[in-house]
Amino acid sequence: MIESINTSTLDSFKAEARQLLEAAVQKRQMQQEQGPQRGVQDTVSLGNKPVDPGTYTASVSDAELGKTFTMLRDLFATTLQEQGIALEVSTGDSTIDLQTLTPEQAQDLVAEDGYFGVENTAQRIFDFAVGLAGNDPSRVDAIRAGIEDGFARAEGAWGGTLPDISYETRDTLMAKLDDWVNAATESAEAP
């Protein structure tokens, strides 16, 4: 888990990301100046009047998307390496090398039933937190405070907002804590 990200590394990451975006904008402008590209084009018709296909063309091919993913993956791996963070992630039954991760593998990892999917990640955090609390539901407020603090720190490290999957995971985790406390309360009240 990332303990901290220093400001210079984060600034470096932002600068490189900005350069990538500027390059993409320049490429798009060059494509527009050259006119419509050969290949797949989308057309739009409003009121049965066709719009010039040069107005909008599909500009990102699978190959370009793969290059962009690879470039961002390598940038991320370099950033972790500079922070002294391991580039391999254990998923219980296997280990994933972030330097060779493919887009398909990344999608599988965050899929609904993937190792980093909402349910599986929430369950791992829940198990860890409940174990740390000695399986004592009276400590749920401290657990919740720790989770909220962790999310606030992550938001700060990533510029104020996390991906939606992070918030879905937090909500699922909080529901698991509610269920745990309710089950313990019901069990204590049962004759």
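About the cut-offs
Throughout, residues of each chain are indexed from 1 in the direction in which the sequence is written. Under the rules for a predicted model, residues below a pLDDT of 70 receive no local features and side-chain atom pairs below 80 are neither given nor counted, while totals for whole chains, interfaces and linings still include all residues. To get the side-chain values, all heavy atoms of the structure are used, and hydrogens and water are removed first. A residue counts toward a patch only above 30% relative accessible area and without a salt bridge, and it is joined to like-charged neighbours within 9 Å or, for Val, Leu, Ile, Met, Phe, Trp and Tyr, to nonpolar neighbours within 5 Å. With residues, only the protein chains shown are counted as cover, and all accessible areas are computed by Shrake-Rupley using a 1.4 Å probe. Basic side-chain nitrogens of Lys or Arg form a salt bridge, by our definition, when they fall within 4 Å of a carboxyl oxygen of Asp or Glu. Neither His nor the chain ends contribute to the count of charged residues, in which Lys and Arg are positive and Asp and Glu negative. Where a charge lies is defined by one atom per residue type, namely NZ (Lys), CZ (Arg), CG (Asp) and CD (Glu). In this description a helix means any DSSP run of H or I spanning at least four residues, a strand means any run of E spanning at least two, and both kinds are numbered starting from the N terminus. Burial status follows relative accessibility: with a 1.4 Å probe on protein chains alone, a residue under 20% of its type maximum counts as buried, one over 50% as exposed, and anything between as partly exposed. The criterion used for residue contact is that any of the two residues' heavy atoms lie within 4.5 Å. Confidence scores labelled pLDDT are given residue by residue by the predictor and lie between 0 and 100. Put simply, buried Ala, Val, Leu, Ile, Met, Phe, Trp, Tyr and Cys residues joined by side-chain atoms within 4.5 Å make one nonpolar core. Ring pairs shown here join Phe, Tyr and Trp side chains whose ring centres sit within 6.5 Å, with only the six-membered ring taken for Trp; geometry is labelled stacked below 30 degrees between planes, edge-to-face above 60, and tilted in between. Ring-over charges, as used throughout, are those where CZ of Arg or NZ of Lys falls within 6 Å of the ring centre and within 35 degrees of the ring normal.

Caption draft 1: Focus on a negative patch on the surface. Taken together, the side chains of Glu104, Asp108, Glu112 and Asp113 define an acidic patch exposed on the protein surface. On the secondary structure map, glutamate 112 appears in the loop between helix H3 (103–110) and helix H4 (118–132). On the basis of relative accessible area, glutamate 112 is assigned to the exposed category, the value being 75%.

Caption draft 2: Here's a closer look at the environment of leucine 101. Turning to its location among the elements, leucine 101 is positioned in the loop between strand S4 (95–97) and H3. When its relative accessible area of 11% is taken as the criterion, leucine 101 is described as buried. Each C-alpha atom of the pair leucine 101 and phenylalanine 69 lies 9.7 Å from the other, and the pair is 32 residues apart in sequence. Setting aside residues up to four positions removed in sequence, leucine 101 forms contacts with Phe69, Arg73, Ile96, Ala106 and Leu109.

Caption draft 3: Up close: the confidence of the model for the protein. Chain-level pLDDT for the protein is 76 on average; 65% of the residues reach the 70-or-more range. Here residues 38–51 is modelled with pLDDT under 50, and outside its nearest four sequence neighbours on either side it reaches 11 contacts, counting other chains as well. Here residues 53–58 scores under 50 on pLDDT; set against residues more than four positions off or in separate chains, the count is 9 contacts.

Caption draft 4: Region of interest: the nonpolar core. Phe126, Ile143, Ile147, Leu173, Leu177 and Trp180 are the most contacted members of the largest nonpolar core, which has 15 residues in total. When contributions to this core are tallied by element, the ones reaching two or more residues are H4, helix H5 (140–157) and helix H6 (164–189). Broken down by element, this core gets its largest block of residues, 5 residues, from H6. Ranked by size, the runner-up nonpolar core spans 8 residues in total, among them Leu87, Leu98, Leu101 and Ala106.

Caption draft 5: Main features of the packing of aromatic side chains. Using the criterion set out here, one finds 2 aromatic pairs in the structure. Aromatic side chains tyrosine 115 and phenylalanine 116 sit 5.0 Å apart centroid to centroid with 85 degrees between the ring planes, which places their arrangement in the edge-to-face category. The class of phenylalanine 116 is partly exposed, set by a relative accessible area of 30%. The interplanar angle of 85 degrees and the centroid separation of 6.1 Å between the aromatic rings of phenylalanine 126 and tryptophan 180 together place this pair among those described as edge-to-face. On the criterion of sequence distance, the pair formed by phenylalanine 126 in helix H4 and tryptophan 180 in helix H6 is long-range, its members being 54 residues apart. Across this residue pair, the class does not change: phenylalanine 126 and tryptophan 180 are buried. When the ring centre of tyrosine 115 is taken as origin, the NZ or CZ atom of arginine 124, which lies over that ring, is 3.8 Å away. For the cation-ring pair, arginine 170 lies above phenylalanine 151, with the distance from its terminal atom to the ring centre recorded as 5.5 Å.

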